[in-house]
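Listed here are the chains, written in short residue letters.
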Amino acid sequence: MPQKIEFDKSLLPKDMQIAWFKEADLEQTWLDQVPEAIAQISEKRVREYCASRKALSLACSLEGMDQLEITNHHHLKNYPNIRVSLSHTRGLSAAVASKQLSSVGVDVEYIDRAFNHKASKFFLRDDDLEMPLLELWTIKEAAFKAIDPMGLKATDKDILVLKDLVVKDELIELEGKVIAKWLLQKHNGVMTAIAWTD
């Protein structure tokens, strides 16, 4: 039997909270609280929405869907000083939250995810840190979520894309400037990347 590997929360930035939640563990009361606009999309989207909000409730120690409405992609409506980010993949959701960091991002992927190496042309750069492509993708996804709200202010570009970001040792660069930090951990068959700006 494989050994269970836990995420080491002691490596997170001070004040950052993180949580995961499996869609299979959703209670009907959460499914019943979905906003009408989400409920009309698809059953899959409803479950992802609910599981990501449940992970967020665990990360923020808040209960009830009404407490977890996100505005401007990064803030809780009722708690605008809390920065948040969500991710979901194949029935698993992750959420990070912070009151002190300027911005946060998270991405979660299963380690066994089939990855089309042809897709690397959309995000891989010669100056990226050398690492497996799925890890690089996961870090860049988390970084994009963390910097997108501020990214356009830090560059002359009208649109920011993953290939604009350069992954270095624990840092993310944009146009030669350090704009964020990152952490990636593998645990329990998944990898979770977080990125943040101070």
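Just above sits the structure.
Residues numbered from 1 in each chain as written. Predicted model: local features only at pLDDT ≥ 70, side-chain atom pairs only at ≥ 80, totals over all residues. Heavy atoms only, no water.

Caption draft 1: Broad picture of the sheet that holds strand β4 (residues 79-89). One open sheet accounts for five strands, arranged β1-β5-β4-β3-β2; its pairing is antiparallel. Two strands in the sheet have a free side with no partner beyond their single neighbour: β1 (17-22) and β2 (70-71). As defined by bridge partners, strand β3 (residues 75-76) adjoins β4 across two bridges and the pair is classed as antiparallel. Looking across to β4, one finds that H75 is bridged to R83. (Pairing = 2+ DSSP bridges. Helix = DSSP H or I, 4+ residues; strand = E, 2+ residues; numbered from the N terminus.)

Caption draft 2: A look at the packing of aromatic side chains. A full pass over the atoms with the stated rule returns four aromatic pairs. Measuring from centroid to centroid gives 5.9 Å for F115 and F123, while their planes differ by 75°, and the two rings are edge-to-face. On the basis of relative accessibility, which here comes to 16%, the residue F115 falls in the buried class. Plain terms: the ring middles of F123 and W137 are 5.2 Å apart, the flat faces sit at 70° to each other, and that makes the pair edge-to-face. Here F123 is found in the loop between β6 (103-110) and α4 (133-151), whereas its partner W137 is found in helix α4, with 14 residues between them in sequence. The pair formed by F123 and W137 is uniform in burial state, with each residue classed as buried. Feature note: the residues F115, F123 and W137 constitute an aromatic cluster, connected by ring pairs. Above the face of the Y49 ring, R53 is positioned so that its terminal group lies 3.9 Å from the ring centre. (Phe/Tyr/Trp six-rings, centres within 6.5 Å; stacked < 30°, edge-to-face > 60°. Buried < 20%, exposed > 50% of the residue type's maximum accessible area, 1.4 Å probe, protein only. Lys NZ or Arg CZ within 6 Å of the ring centre and 35° of its normal.)

Caption draft 3: Structural detail: the environment of P13. Residue position: P13 is located in the segment before β1. Spatially, the C-alpha atoms of P13 and P132 are 24 Å apart, while their sequence positions differ by 119 residues. What P13 contacts, discounting residues up to four positions off in sequence, is L101, I194 and W196. (Contact = heavy atoms within 4.5 Å.)

Caption draft 4: Looking closely at the sheet that holds strand β8 (residues 171-174). The strand order across the open sheet built from five strands is β6-β10-β9-β8-β7, with neighbouring strands paired in antiparallel fashion. Only two strands of the sheet have a single partner each, and these edge strands are β6 and β7 (165-168). Taking each pair of neighbouring strands and ignoring which way they run, the sheet shows an average axis angle of 25°. With four bridges connecting them, β8 and strand β9 (residues 177-187) associate as antiparallel partners. Across the sheet, L171 pairs through a bridge with K181, a residue of β9. (Axes fitted to C-alpha atoms, helices over the stretch in contact; angles between N-to-C directions.)

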